[in-house]
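# Close look at the chain arrangement
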Amino acid sequence: MTYQNGPTDGRIDLDLIAAMITPGSRVLDVGCGDGDLLALLETKRNVDGRGVELSQEGVNASVARGLAVVQGDADRDLANYPDDAFDYVILSQTIQATRNPKEVLRSMKRIGRHVIVSFPNFGHWRVRMKLLLTGRMPETRSLGYSWYDTPNIHLCTLLDFAALCDDLDLDIEDAVILTGDKSWRISNPGILSNFFASEAVFLLSRRN
Amino acid sequence: MNTIGKASHPQGGGGPQSTEFEEGGIRVRRASQTFGPDEPLALDSGVSLSPFTIAYETYGELNATRSNAVLICHALTGDQFAASTQPLTGKPGWWTTMIGPGKPIDTDRFFVICQNVIGGCMGTTGPRDTDPATGRPYGLDFPVITIGDMVRAQAMLLDKLGIDDLFCVIGGSMGGMQVLQWAAAYPERVFSAIPIATAARHSAQNIAFHEVGRQAIIADSEWKQGAYLAHGTTPAKGLAVARMAAHITYLSEAALHRKFGRNLQDRDSITYGFDADFQIESYLRHQGSTFVDRFDANSYLYITRAMDYFDLAADYDGVLANAFRGTKSRFCAVSFTSDWLFPTSDSRQIVHALNAVAANVSFVEINTDKGHDAFLLDEPEMFATLRGFIDSAARTRGLGA
């Protein structure tokens, strides 16, 4: 585990994703929100970027800032894209809100040569402690919802995610975890990183 | 209106006619172009239309590299007077909300062109013009035209104007169909395309509404099998009813309720008769009666037919995505939540086809209760998103801010 970088002016996970992307690539951001990541990638990485976003507000805000974004649903609308259409397909802080994460990942793998996924780690020690000590569903900084109104219906830990990737024949090319506002590069998710990571960013590619 | 008459080649025969004037801070050129026997329009029906004239307007100036042209495609009952006063009605242009200095389609930056469609009745050749074969108005002898024919004619005019490619093609409803047709037929000539409140094919329900309108016209005894001009009659009642029925489809129940509800028209109680008791009845009658003053009944038949026949995928083995395969154009589709004539699902079908060929596409659905007509109205969110899309495309094309 090596120290990656300190806090930046923007959202640190967005900078981590940007660092994984080769300049000039074709990128699809699934669940792009207001388009913050796409805008960052177009500026810093000169990508040919597209976005899909569920919320109408997010789509309209993205298009108003000049980004190519369509209203759509990760669970339903990825089927329309052709094979190998993009160099990178990104799912940033969205996989836990999808209805069928496995199918979404499978589609992403089909559409893009590389897949980047960032998500909150349910194995983080703070989450574990909250449940252990209070006996209530954990609400943390990256998981700030009550159990009854959370959009996060498919939470997982680092180890769970790594197992799913293996199941889908996706190799982990790169993985970075966040602990507070610090980031660390890891070779493979283990017991330690699963305990300390509040969030993680994975760069995946098809297994040969 | 400060008119500077500058008529040239006053007698047809291939020459353009134009006047220029300034209106609302826009440099307007009102013109028409006649295509002679050596330049026929090859129609999808197999018929060759010749001669023919296209009436059009331009706003702003074409830049030195001819890279800032924007084509506005008008809807069924629209015309070329998109941003200038309509000479027949004296009313402002139909899209002054969108086009003008500092507007999303900024006439200080772009050279804007709007052409009356083939089959129309505002100066472009249509069924009320003289058939050279008979010396009488065409009437039903006018060939059936399609959206493809409209676009082909528009391209011929652009050739005349020396415009190889368009920075943007934009239009709503039938205008949006033309935008899609442009993108499919002339992809290399379209840098960006904005189809608004439209569909890649006309639905059965929409064909049905059009058929009601056409039958209303045909049932009018003044229609005279389409030869009403020769008989000196006007099927005004039929055309008015067609307009009334169509107008309902352009609105939404929510908008009708908000605007009229069950309010009574200039009376305190119902009259137990068939006068226009309700405001909505009076409103529709007004819409019908003012429409007949500016529109030709046969044009209405022909243009509604063109929309009915539109099925872009049919020309591409039934697969809509094939219409856009390899496209380098960037698209921004727009729909409105309360539009039931061209619902969001129609736009989504277009977007899915564009996604299937990994095209550069944006798609916004605007939340409004104003129905299909919303694209003509003051919809700040539509303006904001289109401004973003157009400005981004302009930057990419090197047109500056």
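Residues numbered from 1 in each chain as written. Chains lettered and ligands numbered in written order. Predicted model: local features only at pLDDT ≥ 70, side-chain atom pairs only at ≥ 80, totals over all residues.

### Observations regarding the overall build of chain A
The following threshold applies: Helical segments are the DSSP runs of H or I of at least four residues, strand segments are the runs of E of at least two, and each set is numbered from the N terminus. With C-beta atoms placed from the backbone, the exposure class of a residue follows from how many other C-beta atoms lie within 10 Å of its own: 20 or more, buried; 12 or fewer, exposed; in between, partly exposed. For every residue pair, C-beta atoms are placed from the backbone, and the pair is scored as a contact if these atoms sit within 7 Å.
Along chain A, the regular secondary structure elements total 8 helices and 9 strands. Counting every position in chain A, which comprises 208 residues, the buried fraction comes to 48%. Taking as baseline every contact in chain A between residues at least 6 positions apart, the subset at least 24 positions apart corresponds to 65%.

### As for the overall build of chain B
Stated formally: Note on method: radius of gyration uses C-alpha positions; expected globular size equals 2.2 Å times residues raised to 0.38.
A count of helical and extended segments in chain B gives 10 helices and 14 strands. On C-alpha atoms alone, chain B measures out to a radius of gyration of 21 Å, which is about the 21 Å that the 2.2 N^0.38 rule sets for 401 residues. Each principal axis of the C-alpha atoms in chain B carries an extent, and together these give about 65 × 50 × 50 Å. Buried residues in chain B amount to 49% of all 401 residues.

### Examining the interface of chain A and chain B
Put simply, the rule is: Three classes are used, and their members are as follows: Ala, Val, Leu, Ile, Met, Phe, Trp, Tyr, Cys and Pro are nonpolar, Asp, Glu, Lys and Arg are charged, and the others, Gly among them, are polar.
With 15 residues of chain A at the contact, the number on the chain B side is 21 residues. Of all elements in the fold, only helix 3 (56-64) and strand 4 (68-71) of chain A reach the threshold of two or more residues within the side of chain A that touches chain B. The leading source of residues in the side of chain A that touches chain B is helix 3 of chain A, at 5 residues. Residues belonging to the side of chain A that touches chain B are distributed by class as follows: 9 nonpolar, 5 polar and 1 charged.

### A short note on the domain arrangement of chain B
One widely used convention gives an interface's size as the accessible area the parts lose upon coming together. All names here are of chain B. So the rule is basically this: The start and end points of each domain follow an automatic or database-based domain assignment.
When its domains are assigned, chain B resolves into domain 1 (2-202 + 314-396) and domain 2 (206-304). Between the C-alpha centres of domain 1 and domain 2 there is a distance of 26 Å. Opposite the 27 residues of domain 1 that make contact, domain 2 presents 22 residues. Here the side of domain 1 that touches domain 2 is built from residues that sort into 12 nonpolar, 10 polar and 5 charged.

### A look at the nonpolar core
The criterion, for reference: The nonpolar core is taken to be a set of buried Ala, Val, Leu, Ile, Met, Phe, Trp, Tyr and Cys residues joined by way of C-beta atoms within 7 Å.
In terms of nonpolar packing, the biggest core is built from 172 residues, with A:I90, B:V70, B:I72, B:V112, B:L166, B:C168 and B:V169 touching the most fellow members. Residues lining this core come from more than one domain, with at least three contributed by each of domain 1 (2-202 + 314-396) and domain 2 (206-304) of chain B.

### Comments concerning the environment of B:A246
Residues and elements named next belong to chain B. Relative to the elements of secondary structure, A246 occurs in helix 5 (residues 236-250). Along the sequence, A246 and F209 sit 37 residues apart, while their C-alpha atoms lie 6.9 Å from each other. Sequence-distant contacts of A246, defined by excluding residues within four places in its chain, comprise F209 and G213.

### Thoughts on the pairing of strand 9 (residues 199-206) of chain A
Residue and element names in this part refer to chain A. Here is the rule we go by: Note: two strands are recorded as paired if DSSP finds a minimum of 2 bridges between them.
With 6 of 8 residues buried, strand 9 lies mostly within the body of the structure. Where strand 6 (residues 112-120) and strand 9 come together, 7 bridges link them in antiparallel fashion. When the sheet's bridge partners are listed, V115 is paired in strand 9 with L204. Looking at chain direction, strand 7 (residues 170-179) and strand 9 are connected through 8 bridges and run antiparallel. Opposite L178, over in strand 9, you have E199 as the bridge partner.

### Some thoughts on helix 7 (residues 158-167) of chain A
Residue and element names in this part refer to chain A. The test is simple: Starting at the helix axis, one direction is taken to each C-beta atom, and the arc is that of these directions.
Listing the buried residues of helix 7 in full gives L158, F161, A162 and C165. Seen from one end, helix 7 has its buried residues packed into an arc of 100°, which puts them on one side. Contacts from the buried residues of helix 7 go to strand 6, strand 7, helix 8 (191-196) and strand 9. At the exit of helix 7 stands D169, carrying a positive phi of roughly 60°.

### Regarding the packing of helix 3 of chain A against helix 10 (residues 380-396) of chain B
Let me state the cut-off plainly: For helices, the fitted line uses only the C-alpha atoms of the stretch in contact; every axis is such a line through C-alpha atoms, and the angle between N-to-C directions lies from 0 to 180 degrees. An angle below 35 degrees is read as roughly parallel, one above 145 as roughly antiparallel, one from 65 to 115 as roughly perpendicular, and any other as oblique.
Their axes nearest at 6 Å, the elements helix 3 of chain A and helix 10 of chain B cross at an angle of 45°. Relative to helix 10 of chain B, helix 3 of chain A is oriented oblique. Along its contact with helix 3 of chain A, which presents A:N60, A:V63 and A:A64, the element helix 10 of chain B presents B:E381, B:A384, B:T385, B:G388 and B:F389. Looking at side-chain class alone, the contact of helix 3 of chain A with helix 10 of chain B contains 4 nonpolar, 3 polar and 1 charged residues.

### A word on the environment of B:S32
All names here are of chain B. Here S32 is to be found in strand 3 (residues 26-35). A tally of 22 C-beta atoms within 10 Å means that S32 is categorised as buried. A sequence separation of 290 residues divides S32 from N322, and the C-alpha atoms of the two residues are 35 Å apart.

### Side note on unusual backbone geometry
Backbone torsion omega between B:S50 and B:P51 reads -10°, so that peptide bond is classified as cis. Secondary-structure assignment places B:P51 in the loop between strand 5 (48-49) and strand 6 (52-59). Backbone geometry places A:D84, a non-glycine residue, at a positive phi of 55°. Mapped onto the fold, A:D84 is located in the loop between helix 4 (74-77) and strand 5 (86-92). Even without glycine at this site, B:D317 takes up a positive phi of about 60°. Within the secondary structure layout, B:D317 lies in the loop between helix 8 (297-309) and strand 13 (330-336). Given 9 C-beta atoms within 10 Å, B:D317 falls into the exposed group.

### Side note on the confidence of the model for chain B
Residue and element names in this part refer to chain B. Filter applied, for reference: Scored from 0 to 100, pLDDT reflects the predictor's confidence in each residue.
Here chain B averages 94 in pLDDT, while 96% of its residues score no lower than 70. Here residues 1-13 is a poorly scored stretch, pLDDT under 50, and it has 26 contacts once near neighbours within four places are set aside; other chains count. Both scores are available for the predicted complex, with the pTM at 0.92 and the ipTM at 0.87.

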